[in-house]
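Structural overview
Listed below, chain by chain, are the residues.
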Amino acid sequence: MALDIKKFLQRFIEEARDHLSRLAEGVAALEQGQRDPEQIHSLFRSAHTLKGSSRMLKLEPITALSHSLEDLLSTLREGQLQLTPGVTGLMYQALDQLSDQLERLAGTLDAASLAEVDAALCKALSEAANPPTSATNQAEEVAETPTQAPAAQITSRLQTQDTVRIRLHKLDELIKLMGEVVSSHAGLRALVGEAQQMQSSDASASTLPVFVRTLKDRVQSQELLMQELHDTALQMRMLPLSIVFEPATRLVRDLARSLGKQVECRVQGADIELDRQMIDQLADPVIHLLRNALDHGIESPDQREAASKPAQGLLTLKAAQDGGWVEIEIADDGQGLNLQAIRQKALSRQLFTPETLEGMTDQEVMDLIFLPGFSTSHLITDLSGRGVGMDVVKRSVVDGLQGVISLDSRVGQGTRFTLRLPLSLAMMRVLLVRVSGHLLGFTAQYVAELIQLPRSAMIDVAERNAVIIRNEFVPVMKLSDLIDLPHTEPSPRHSERQETHALLLVTRLHHEKLALEIDELIDERDLVIKQLPSHLGQFSLIAGMVTTGHNQLVSLLHVPHLMELTRRTRSRTASQTVAVSEKAKPRLLVVDDSLNTREIERDVLEAWGYQVTLAEDGQDGLNKALAERFDAVLTDVEMPVMDGFTLTARLRQEPDYQNTPIIIITSREKESDRRRGIEVGADAYIVKGSFDQNSLVDTLKVLLD
């Protein structure tokens, strides 16, 4: 009976992937200066195992390269070889070629499909292991030659495999749970029989409560079992982030080499696991962010040395788990974002007026890079300048992965992107609400809180409602109006309450909040998310569907899209109400760490003809006030970096601001706070809880006249 060689090849591929992963991590550790002898010995064993296993299956190209790598690691283990960038470069090239050969074999399961062995690389490895005088130079020369064109690597996806390895005890646990589910289901079927008997025998009122309690207990038990079954099955589909991170480090090496840059790529948290569905969709955003970091962020060695930086740049891929979430950080120590170039690009494309751009905070300017087609590159290459990439990244993370992406950059210090993602898209925490007779859902990652308050607590700003939540103005929108739901009369038990009180679902995206008025909270539970079919993908309002216990399909609303709808509504309202003065517009500086508060105060002031610049904390406000002259300053008190009292005192020390009106707008109501505000030089003190836009405007008119 002939042996089925494909079974042995498949087993070899699975084991070889583990060994290559171990080798890649080990070489990276060596490159970072970790020279533990046991670690080097472990790398040697992996190369030795690869050589032996491939030889048994007559995979000659893999055997030859593994043998050469084994010789090099043996010399290194015995302390007869000095580890240089050239030597580590050779090891990386060997791992790259072994990985290529392995993936080629995985696609065909045919040894004849393997490419011929790279004789020059094997020779360089052997000479480095037994160095003549020129061995180091030879290693450096070979290490300078990438194994593939970087552009081809960038366009390729970092793909997962069609199979996963599952430990036997996990299967045993799954089968055990299935047995318990079947047993529990049998109990429910028995209750169906009891219900039929009760119906036919006209059961007494005393029997029914007992039956209801029993049914409730059985259903709760079944729910717990189903949850445990789902969690166990989902664990089998979880894959480590190393599947994305390790090929990404290879891409960084080759691309940096092609750009003439020296870059070290450090990886942390690659063992953290995500659902395979997440892993599959994560590859493209990671590639885009790495490409931008290498092409736009990290400078050339000459530029770095001129800026008193090490010639070698640093790019970090870091992952950390936070409850049911994973945060992935991609950071570089390059030149940072050029905010002036971003502003100029926005002006040249007529995306914003000069006044609007001037009023934006640095963070708001940075976020412009996520706009479709936005690029500050002057040269179109195969890597950048086409105006595609960052908008794709945001769409992939926010829409596809149901996550959040944030950006932080410092000139001359580097840029950091942070991706906050759920562990799985298969099942998520969902809030079910009723609005105008319709059942709708929200995934929990976008929900900040649920509050009920008297309608009298709402304030009117720029012709729309807002509430004050912990020192922050939050705009309020009726969800039914925002998504154009037909109006229906509420049930009698809710109509009276809705006349005097509002039920608000406060949603959050980054630093922005939006309070949505709903009719009723129905439930909060973990539900299986059903993705929209591909032909409905253009409906960005809907993030997916869930099924309730009555087999009713419920739409999950996509909060980022709701935020965008609100911004459009706000801009339309502002354009209709702005009362432009005939004389020059007074220039105001608004300082507040809350994005919502800044935006609302700007809308109010611009509607009355003022020109507004925003600052996100006291230090930012001070910098902008010193850079240009303002006619008045409005500031919050509680802010990071520098509070409003300190800002006011600092401004009063400047000759240009000794007589400039300064208004403090805060939630602090104590008389001692009012006195301190006056002592540091404030001209007016307005409490947010009693905020009235007409009072603010009247105060400004008095102070500016």
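Before reading on, note that the structure itself is shown above.
Residues numbered from 1 in each chain as written. Predicted model: local features only at pLDDT ≥ 70, side-chain atom pairs only at ≥ 80, totals over all residues. Heavy atoms only, no water.

**Concerning the overall build of the protein chain**
Let me state the cut-off plainly: Strands are runs of DSSP state E lasting at least 2 residues, helices are runs of H or I lasting at least 4, and numbering of each runs from the N terminus. Between buried and exposed lies partly exposed: a residue is buried under 20% and exposed over 50% of the maximum accessible area for its type, with that area taken using a 1.4 Å probe on protein chains only. In what follows, a contact means two residues having at least one pair of non-hydrogen atoms within 4.5 Å. The method behind every accessible area is Shrake-Rupley, applied with a 1.4 Å probe, and residues are considered shielded solely by the protein chains displayed.
Scanning the protein chain for helices and strands turns up 24 helices and 23 strands. Every one of the 705 residues in the protein chain was classed for burial, and the buried ones make up 48%. Residue pairs in contact within the protein chain that sit at least 24 positions apart in sequence constitute 71% of those at least 6 positions apart. On the protein chain, roughly 34,600 Å² of surface is accessible, and the fraction owed to carbon and sulfur atoms is 50%.

**Quick word on the pattern of salt bridges**
The following threshold applies: What makes a salt bridge here is a side-chain nitrogen of Lys or Arg within 4 Å of a carboxyl oxygen of Asp or Glu, nothing more.
Applying the stated criterion to the full structure yields 32 salt bridges. For the salt bridge of glutamate 103 with arginine 17, the shortest nitrogen-to-oxygen distance reads 3.4 Å. Residue glutamate 103 is found in helix H4 (residues 85–108), and its partner arginine 17 is found in helix H1 (residues 5–31); the two are separated by 86 residues along the sequence. The partly exposed category is assigned to arginine 17, whose relative accessible area is 21%. Measuring nitrogen to oxygen at the nearest pair gives 3.5 Å for the salt bridge that ties arginine 668 to aspartate 673.

**So, the environment of valine 244**
Along the chain, the position of valine 244 falls in helix H10 (residues 242–258). With a relative accessible area of 0%, valine 244 lands in the buried category. Considered as a pair, valine 244 and alanine 283 are 39 residues apart in the sequence and their alpha carbons are 6.3 Å apart.

**Description of the pairing of strand S7 (residues 414–422)**
What counts is decided by this rule: One requirement defines pairing of two strands: DSSP has to find at least two bridges between them.
Among the nine residues in S7, seven count as buried, and that is most of the element. In terms of strand pairing, strand S5 (residues 325–332) meets S7 through eight bridges, oriented antiparallel. Paired with alanine 331 across the strands is arginine 416, a residue of S7. Direction of pairing for strand S6 (residues 404–410) relative to S7: antiparallel, over a ladder of seven bridges. Its bridge partner lying in S7, isoleucine 405 is registered against leucine 419.

**Looking at the sheet that holds S5**
Hydrogen bonds between backbone groups are what pair the strands of a sheet, and the pairing can be parallel or antiparallel. For clarity, the cut-off: Between N-to-C directions, angles span 0 to 180 degrees; the directions come from axes that are lines fitted to C-alpha atoms, helices contributing only their stretch in contact.
Pairing is mixed across the open sheet formed by five strands, whose spatial order is S2-S4-S5-S7-S6. What marks the edges here is a single partner per strand, and that holds for strand S2 (263–268) and S6. Strand-to-strand twist of the sheet, defined as the mean angle between neighbouring strand axes without regard to direction, takes the value 10°. Running over the sheet, H10 touches S2, strand S4 (313–322) and S5 and is turned about 170° from S2.

**Observations regarding the packing of H1 against helix H2 (residues 37–56)**
Note the threshold: Our angle categories are set so that under 35 degrees counts as roughly parallel, over 145 as roughly antiparallel, 65 to 115 as roughly perpendicular, and the remainder as oblique. Each helix crossing is assigned a hand: it is left-handed if the near helix lies turned anticlockwise from the far helix by less than a right angle, otherwise right-handed if that turn is clockwise.
Relative to each other, H1 and H2 sit at 150°, their axes nearing to 9 Å. Here H2 runs roughly antiparallel to H1, going by the angle between their axes. Where H1 crosses over H2, the handedness of that crossing is left-handed. Counted together, Phe12, Ala16, His19, Leu20, Arg22, Leu23, Gly26, Val27, Ala29 and Leu30 of H1 and Gln39, Ile40, Ser42, Leu43, Ser46, Ala47, Thr49, Leu50, Ser53 and Ser54 of H2 form the full contact between these two elements.

**With respect to the sheet that holds strand S20 (residues 611–615)**
Ordered by their spatial adjacency, five strands build an open sheet running S20-S19-S21-S22-S23, and the pairing between neighbours is parallel. Edge positions in the sheet fall to S20 and strand S23 (684–687), since each of these pairs with one other strand and no more. Strand after strand, the sheet turns through a mean of 20° between neighbouring axes, direction not considered. As judged from the three bridges shared by strand S21 (residues 632–635) and strand S22 (residues 662–666), these two strands associate in the parallel manner. Its bridge partner being in S22, leucine 634 is matched across the sheet by isoleucine 663.

**Side note on the environment of valine 365**
Note on placement: valine 365 falls in helix H15 (residues 362–366). With a relative accessible area of 0%, valine 365 lands in the buried category. Between the C-alpha atom of valine 365 and that of asparagine 338, which follows or precedes it by 27 residues, the distance is 9.9 Å. Apart from the residues lying within four places of it in its own chain, the contact partners of valine 365 are Leu339, Ile342, Arg343 and Met360.

**Details of unusual backbone geometry**
Not every positive phi belongs to a glycine, and glutamine 350 is a case in point at roughly 55°. With respect to the element layout, glutamine 350 can be found in the loop between helix H13 (339–348) and helix H14 (354–359). Residue classification places glutamine 350 among the exposed positions, given a relative accessible area of 71%.

**Some thoughts on the pairing of S23**
Let me state the cut-off plainly: For crossovers, right-handed means that the path from the first strand over the helix to the second runs clockwise, given strands pointing away from the viewer.
Alternating residues of S23 divide into Ala684 and Ile686 and Tyr685 and Val687, and every residue in both groups is buried. Here four bridges tie S22 to S23, and the two strands are oriented parallel to one another. Residue pairing in the sheet places threonine 666 in a bridge with valine 687 of S23. In this fold, S22 hands off to helix H23 (residues 671–679), which returns the chain to S23; that crossover is right-handed.

**Some points on the packing of H2 against helix H3 (residues 60–77)**
Between H2 and H3, whose axes approach to 8 Å, the crossing angle comes to 155°. One way to sum up the angle between H2 and H3 is to call them roughly antiparallel. Crossing angle aside, the handedness with which H2 passes H3 is left-handed. Every residue of H3 that contacts H2 at Ile40, His41, Leu43, Phe44, Ala47, His48, Leu50, Lys51, Ser54 and Arg55 is listed here: Ile62, Thr63, Ser66, His67, Leu69, Glu70, Leu73, Ser74, Leu76 and Arg77.

**Observations concerning H4**
Under the convention used in this document: Given a helix with a known number of residues, its expected span is that number minus one, times 1.5 Å.
Counted at 1.5 Å a residue, the expected span for H4 with its 24 residues is 34 Å, and the 35 Å between its end C-alpha atoms agrees. Following H4 by one or two positions, leucine 109 has its phi on the positive side, about 55°.

**Observations concerning the nonpolar core**
The cut-off we apply is this: Grouping buried Ala, Val, Leu, Ile, Met, Phe, Trp, Tyr and Cys residues that are joined through side-chain atoms within 4.5 Å yields what is termed a nonpolar core.
With 91 residues, the main nonpolar core has Leu241, Ile328, Phe442 and Leu479 as its most contacted residues. Considering each element in turn, this core owes the most residues, nine residues, to helix H11 (residues 276–297). Formed by 40 residues, the second largest nonpolar core is a distinct cluster that contains Ala47, Leu59, Met91 and Leu114.

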